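Structure assessment
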Amino acid sequence: MTVTPLLKLWLGFVIIIILMHLFRVNFGPTIPAGLLPIFLGLHDYVFAISTTIFTFVIMLAAYRMLKQAKLPNGAATFRKKTDTLIISIVLCLWIGFAFGTNLEVIVVPPVFALIFESFHAEKFAWRMIPPRLAVLTITAGLAVTVHHLLPESIIWVGVINVVITSVLCKLLKAPVPVAFGVSLMPLRSINGCSCSLSTVQK
């Protein structure tokens, strides 16, 4: 049985959301970590192994260095299944629409994470939307610009884009971690592989 690229994305997305609910994980970057191998055409386990190792190291460092917070005595609040179902259906329909029309503006995995974090936040105000939208939009535009200016330098493109994203988050007072993922998406083009529908369809 041949699994189509669209079905791969749908299955991958649904499996990630189900696992996040089963393990009660609110960690937004889980979504891009699961979908990026499909978007980037990664076919070995290096990505999975390196992600596991670096995540463990970072979590261990945070545990050792940061002040430990006391966990609440009661049950931790978690996403409402109805909200998750609605958001998931909308995003799956968008993916299907992008494939059906061959639209080259498919929502990248880091933005998926932002959508889930925004809709599931305990406190969310409309005034939070403009700065976050501005950070992601400007980051995406500048990331592509830097890539065109330095098409052969993967290191400099990555460093410059991360610095730009950090400055934007501080200037606009909008801490948007997924913006760093967006800023690094053009790096795949340097290696001759574009992060678009054409990549997923290979």
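Residues numbered from 1 in each chain as written. Predicted model: local features only at pLDDT ≥ 70, side-chain atom pairs only at ≥ 80, totals over all residues. Heavy atoms only, no water.

All right, on to helix 6 (residues 129-149) then. Within an α-helix, residues lying three or four positions from one another point in the same direction, as the helix has 3.6 residues per turn. For helix 6, built from 21 residues, the straight-helix expectation of 30 Å at 1.5 Å per residue is met to within 8% by its first-to-last C-alpha distance of 30 Å. When helix 6 is considered as a whole, its buried residues turn out to be P131, R132, V135, L136, T139, A143, V146 and H147. All buried residues of helix 6 project into a common sector of 130° when viewed along the axis, lining one side. Facing away from the buried side of helix 6 by over 90 degrees, the exposed positions are P130, L133, T137, H148 and L149. (Helix = DSSP H or I, 4+ residues; strand = E, 2+ residues; numbered from the N terminus. Expected span 1.5 Å × (residues − 1). Buried < 20%, exposed > 50% of the residue type's maximum accessible area, 1.4 Å probe, protein only. Arc of directions from axis to C-beta.)

Together, I138, L142, L149, L150, I154, I155, W156, V159, V163, V167, L171 and L172 give the surface a local cluster of nonpolar side chains, amounting to about 1,100 Å² of exposed area. For the nonpolar patch, the secondary structure elements donating two or more residues are helix 6 and helix 7 (154-171). The greatest single-element share of the nonpolar patch, amounting to seven residues, is contributed by helix 7. Counting through the fold element by element, V167 comes out in helix 7. (Patch = residues over 30% accessible without salt bridge, like charges linked within 9 Å, V, L, I, M, F, W, Y side chains within 5 Å. Areas by Shrake-Rupley, 256 points an atom, 1.4 Å probe, with all protein chains shown as cover. Salt bridge = Lys/Arg side-chain N within 4 Å of Asp/Glu carboxyl O.)

The next subject is unusual backbone geometry. For residues other than glycine, phi is negative in most cases, and the peptide bonds are mostly trans. The backbone phi angle of K173 is positive, close to 50°, even though this residue is not glycine. Mapped onto the elements of the fold, K173 is located in the loop between helix 7 and helix 8 (178-184).

Another aspect to go through is the side chain of S183. Here S183 lies in helix 8. When its relative accessible area of 1% is taken as the criterion, S183 is described as buried. Those residues in contact with S183, other than ones at most four positions away along the chain, are T139, A143, N161, V162 and T165. (Contact = heavy atoms within 4.5 Å.)

Turning our eyes to something else, we now look at the packing of aromatic side chains. Taken as a whole and assessed by the stated rule, the structure comprises one aromatic pair. When the centroid spacing of 5.7 Å and the interplanar angle of 35° are considered together, the rings of W94 and F97 count as tilted. With W94 and F97 both in helix 4 (residues 81-101) and three residues apart, the pair spans about one turn of that helix. Residue classification places F97 among the partly exposed positions, given a relative accessible area of 44%. (Phe/Tyr/Trp six-rings, centres within 6.5 Å; stacked < 30°, edge-to-face > 60°.)

Turning to the packing of helix 1 (residues 5-22) against helix 4, a few remarks are in order. Packing of helix 1 against helix 4 brings their axes to within 10 Å, and their N-to-C directions diverge by 165°. Considering the angle they form, helix 1 stands roughly antiparallel to helix 4. Helix 1 and helix 4 meet at a crossing whose hand is right-handed. Along its contact with helix 1, which presents P5, L6, L9, W10, F13, I17 and H21, the element helix 4 presents K81, T84, S88, L91, C92, I95, G96 and F99. (Axes fitted to C-alpha atoms, helices over the stretch in contact; angles between N-to-C directions. Parallel < 35°, antiparallel > 145°, perpendicular 65-115°, else oblique. Left-handed = near helix turned anticlockwise from the far one by under 90°.)

Along the chain, the position of L184 falls in helix 8. Given a relative accessible area of 33%, L184 falls into the partly exposed group. Put simply, L184 and V144 are 40 residues apart on the chain and 9.3 Å apart in space, counted from C-alpha to C-alpha. The residues contacting L184, other than those within four sequence positions of it, are G158 and V162.

Helix packing for two helices is described by the angle between their axes and how far apart those axes are. Viewed as axis vectors pointing N to C, helix 6 and helix 7 meet at an angle of 155°, and their least axial separation amounts to 10 Å. Considering the angle they form, helix 6 stands roughly antiparallel to helix 7. Classified by chirality, the crossing of helix 7 by helix 6 is right-handed. Seen from helix 6, the contacting residues are V135, I138, T139, L142, A143, V146 and H147; seen from helix 7, they are V157, I160, N161, I164, T165, L168 and C169. Its residues assigned to classes, the contact of helix 6 with helix 7 comprises 10 nonpolar, four polar and no charged. (Nonpolar A, V, L, I, M, F, W, Y, C, P; charged D, E, K, R; others polar.)

The next subject is helix 7. Across its 18 residues, helix 7 extends 26 Å between first and last C-alpha, which sits within 8% of the 26 Å expected from 1.5 Å per residue. Buried within helix 7 are the following residues: V157, G158, N161, T165, L168 and C169. End-on view of helix 7: buried residues confined to an arc of 100°, all on one side of the axis. Exposed residues on helix 7 whose side chains face more than 90 degrees from its buried face are I155, W156, K170 and L171. Just beyond helix 7, the residue with positive phi is K173, at close to 50°.

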